[in-house]
Structures are given as C-alpha cells and as structure tokens.
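# Residue-level structural notes
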There are 2 protein chains.
Amino acid sequence: MTRSLERQTVAIVGLGLMGGSLALALRDKVSSITGVDPDQDSLEDAFKGGIIHRGTTDLREGVQDADTVILAAPVRIILEMLHNRLGSYLRSNTLLLDLGSTKAEICEEMGNLPIGIQAMGGHPMCGKEQSGLQAAEATLYRGRPFVLCPPRRATPAARIRALELVDAIGAVPIEMDAIRHDRLVAGISHLPYLLSASLVNTISAEGQIDPTIWELAAGGFRDTSRLAGSSVRMMTDIISTNRTAIMRLLALYRVQLAILEASLVAQDNTQLEALLQAAHDSREAWAEQHLR
Amino acid sequence: MTRSLERQTVAIVGLGLMGGSLALALRDKVSSITGVDPDQDSLEDAFKGGIIHRGTTDLREGVQDADTVILAAPVRIILEMLHNRLGSYLRSNTLLLDLGSTKAEICEEMGNLPIGIQAMGGHPMCGKEQSGLQAAEATLYRGRPFVLCPPRRATPAARIRALELVDAIGAVPIEMDAIRHDRLVAGISHLPYLLSASLVNTISAEGQIDPTIWELAAGGFRDTSRLAGSSVRMMTDIISTNRTAIMRLLALYRVQLAILEASLVAQDNTQLEALLQAAHDSREAWAEQHLR
C-alpha cells in the first residue's frame, strides 16, 4: 500500500535548476524532502533556504528510505546511476521518476531495474536561461507539459503515482513512448541547438576575416544564437543519447534549407516569398496559441 | 553653404518603426520634420502625436524643400524611388540618406543621382520585434552602430553631414563600403533569418506526422524561431538584394553544420564537445561584451 503524497518522503537527486524548482514546488505537499547532491555547498544553501528538509552527498543514504525518488541530473549521470547500483538502494514500491531530456536510453535502463521498483521516465518541457539552484522557482513547472514515458514492465501504480506528482506541481502530463518523445524533442530542442551552435561557429570563422561582424550583430543574432550558450556538458549528454532522431531531423532540415536556397539561386522571388510566408504563418500560429 | 542641423527641414519618407523613431529622435534637434507616407492614417497619427510637423502622401511635395531627406522604406521601395524620379525632386545640396538593410544595390543607384545631391547609404543596426509607427521610440538608435556606406562620387560634405545626423540621434557611426556591409549582415542577420525559417518549415513538416510537436515546443524553439515571424515582404526584399553574400554564407554554414554532424555520426563525443564548446565560448564572449 502506497502512502498518500502528503505523507511521503521524497528524495531529489541533483539540486540544480530543475531539482531545486521541484523541491520548491513540492515542499508543502509532501512529508519531507531529502536533497542528494555531490556539492556540499548546494546542500547547505538548499537547507538554509528551506528548500529541503535534509541533505546528503551519499546517494544510498539519500534514497534508501524515500517513498519517491526523482533523478534531476544530467542524462549521462542518470544513466550511470541506473546502470550501477541505484536499483539495489531503493525500497520495494519506491516510485522512481527522472527528469532527463532524452528518454529512450533511460527508459531502456529503467526496464532492467529490480521488480518492485515503480519506474517512470519523465521530461518536463520547461527551463530558463539561467541554471543552478539560485535560479530555481516553485512555478517553473506550472502549466507546462510534462512528458511521461513508461519503461517496459511499467505498472499501473507507477503511472498513477507519477501523474499525481505531475499534478502536484501544476504541470500538464502528456504520456507517450520514449522513442516518440525523443523524435519530437530532436525537432523542437536538439535541432535548434545545433543550428544555433553552427551559426555561431560560422560567424566565428567570418570574424577571423573581419572582426567588425561582432560589432554589428543585433537582436536577430542574439535570439538565434542564444541556445549556443547552453551548458555544453548537458547538451553533449543530450545529443549523444539521441543520435538517430537528430540525424533524421538534420537530413529533413537540410532539405528545407536547400529548397529556400534553390529559390534564391534561381532568383525566384515568388517561390522565395511563398516559402518564407509558410514559415511566418506557422510560427505566428504557434506563438498565438502558446506564447500568450 | 549648408544650414546647421537645427535650422534644417528634414523629410522622412516612410513612417514605420525606423522612420517614426528617427522623427522622435530628431524632432527637437531640427527646424521641422515632414513625414511622407502613402498611408494617410499614419500621417495623421504622426502629426497628432507631435512626431512630425507636417505630412504628405506626395513624395515630390514632401522632399522638394527639404535640406535633408531620409528614406526609411523597404529596400525595394528605396530602389524604385532612386531609380525613378526622386533625384529630380531634390534641391541641389540636399543630404539624401537611406536606412535600407542592404547597401550594394542602393549605393549603386545613388551613384546615378544628379550631381549636387549629397547621397549616403545608411543602415542602423537596431530594431525591435514590433513594427509600425506605434512601436517607434526616440531611443531606438541610441548607442547602436549606424553603418554609413558612401556611394561612388560621395562628397566629404555628404559624409560630414551624415555623421552629424548619426551623432544627433545618439548612434555610433561605422563607415565601410557597401559590399563589405552586405557580407557582414548576410552573416549576422540574413543567415539567422533563413535558419529560423527553415527550422519552422522543418517542424511544420514534422507536425503533419505528429502535431504534438507543437505542444512540446518551449523556450529554445521560441527564440530560435522568432526571426521566422519577421515581415515576409521586408525580408524578401532584403534577401533578394543580397543573394551573392547570402549564398556564400549558406555554403560556409553548411560546412559548420556538417562538421558537427560528422562527430555525431562517428559517435566522437570528444570532438562534438569541442565544437559545441567553441560555439559556447564565442557566444558568451559576444554576449559579455555586447549584451550587458
């Protein structure tokens, strides 16, 4: 029998932006929150800030008595924890949810956990430009999609408990299989990042010839290049665990870019304008529905 | 002999964001401002708002008595005005400055104006997401680079008077030839726009297969796709008048994207991380210097 959420001990592994915000969103809705982080300073900051009830640098100690364990670490760290001994540290019937940005490899590892652990892959579609505990806020998840991806052998109980948790932080659950998730985020997250990084590397090369290019860059470059400033460690983890979906998207993107270029080369302004209008209308329709 | 700026009549052709902001920035620094716009409502709004001293829909009437004429219209309109009768409407010694986003074709046309007209190509590196007179603000140009491109036969007087005008609105002049300008903005403005439009067209195609992709799109997609929402008419003008420079940049960009992709295909995470780190560091160095 599972305790109701308000009587549960929740362990959050990783007290960065996502883990810290989750602790803030949950702290009045659960019995206690244990923070697990390799950084003693982060633990002390979180404890002093009333974000967690207790903290430890020891994974086993942090998770062994928890009713719910949430992995809020970079993808490779989550994979390592799952692959190594995490499963043996958990009590039977523990809900194990992760917040990793790619899901296929993580859900695959979750499928190998001992029977009795209620595992569910998760990916909240939110974030902000700043990272770290200092940037955490209780409302980060509110109203945002929270993808849930069941690993093989996922139980109805795991699903119900994950939904309850998503609901508690005000997010909107969307259930789908991990492969589908990874294909979708390759398009709306990983492809934009790679375009942004490639743009910056192109301008860097141009800047070797004529450094004034950096002086002229304005708002358009600022926005299109912003993702290139993301955490490289985090993004390398994400991209290297979603290779197939990203390579597919890159191929499709090259086609779209080539179609635009063809109209430019041919001086076909009617075709060029039609392609740009299609992009304009799609972008405005999305913004109208999702940015207001 | 040229009147000092505060005794001049300035005609601004085109009362959108750029022209309206210029009028606001100049109105206390010149004798009078005449607005020229095909839209009677814009003229009335500008007059009632105290942005211009008088307005007309007639180009000849608006510019014939001006000491300085500023063309704040889309690139194709500027080209048409220069190609048609604008030169014959102007008094000798009139300073003619434009704000068009590409400069080679415009400066070429300026070179054909009657002797005695003091022509100078201009491109202020600023803007905002909103367009139109309602979005105009007096501080839009302040502290921003303002590129000046002399056409052939440009006189020292044209240069001095253009610099005085740029100074009056608080912008930072950067002089360069038109071909160099067009090569630089192809990188920091036109390439980002085409990437953004191609990204949106890629996601649109994916959305035909799985519309949920639009639901998951978050901040990364929002920023990278923002430029795709730019005015299509304006951008078609800009891109079609800077074909060579853009095609060159697209070729260089494809190389950068292919280098990233190669490391992904080869599962060479060390190389992938190095490439992403280079982009990260360049972007952060630019942001550090230009966004604070």
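Residues numbered from 1 in each chain as written. Chains lettered and ligands numbered in written order. Predicted model: local features only at pLDDT ≥ 70, side-chain atom pairs only at ≥ 80, totals over all residues. Heavy atoms only, no water.

## Description of the packing of aromatic side chains
Residue and element names in this part refer to chain A. Tallied over the entire structure, the rule returns 6 aromatic pairs over all chains. For the pair Y141 and F146, a centre-to-centre distance of 6.4 Å together with 40 degrees between the ring planes defines the contact as tilted. Across the pair, F146 and Y141 agree in class, each one buried. Aromatic side chains W214 and F221 sit 6.1 Å apart centroid to centroid with 75 degrees between the ring planes, which places their arrangement in the edge-to-face category. Note on accessibility: W214 and F221 belong to one class, buried. (Phe/Tyr/Trp six-rings, centres within 6.5 Å; stacked < 30°, edge-to-face > 60°. Buried < 20%, exposed > 50% of the residue type's maximum accessible area, 1.4 Å probe, protein only.)

## Observations regarding the domain arrangement of chain A
All names here are of chain A. Its domain assignment divides chain A into domain 1 (5-176) and domain 2 (181-290). Centre-to-centre separation of domain 1 and domain 2, based on C-alpha positions: 32 Å. Of the residues lining the interface, 16 residues belong to domain 1; the matching set on domain 2 comes to 13 residues. Applying the counting criterion to the domain 1 and domain 2 interface returns 0 salt bridges. Put simply, domain 1 and domain 2 have 6 residue pairs in polar contact (both at pLDDT 80 or more) between them. Tallying contributions element by element places helix α4 (residues 75-83) first for the side of domain 1 that touches domain 2, with 4 residues. A per-class count over the side of domain 1 that touches domain 2 returns 9 nonpolar, 3 polar and 4 charged. (Domains from an automatic or database assignment. Contact = heavy atoms within 4.5 Å. Salt bridge = Lys/Arg side-chain N within 4 Å of Asp/Glu carboxyl O. Polar contact = N/O pair within 3.5 Å; in protein donor to acceptor, adjacent residues only side chain to side chain. Helix = DSSP H or I, 4+ residues; strand = E, 2+ residues; numbered from the N terminus. Nonpolar A, V, L, I, M, F, W, Y, C, P; charged D, E, K, R; others polar.)

## Thoughts on the pairing of strand β5 (residues 95-98) of chain B
Residue and element names in this part refer to chain B. Of the two faces of β5, the one holding L95 and L97 and the one holding L96 and D98 are both buried throughout. With 4 bridges joining them, strand β4 (residues 68-71) and β5 adopt parallel strand pairing. The residue of β5 that forms the bridge with V69 is L96. Judged from the 3 bridges that link them, β5 and strand β6 (residues 118-124) form a sheet pairing that is parallel. Note that in β6 the partner of L95 across the bridge is Q118. Crossover connection from β5 via helix α6 (residues 104-110) to parallel β6: handedness right-handed. (Pairing = 2+ DSSP bridges. Right-handed = clockwise from strand over helix to strand, strands pointing away.)

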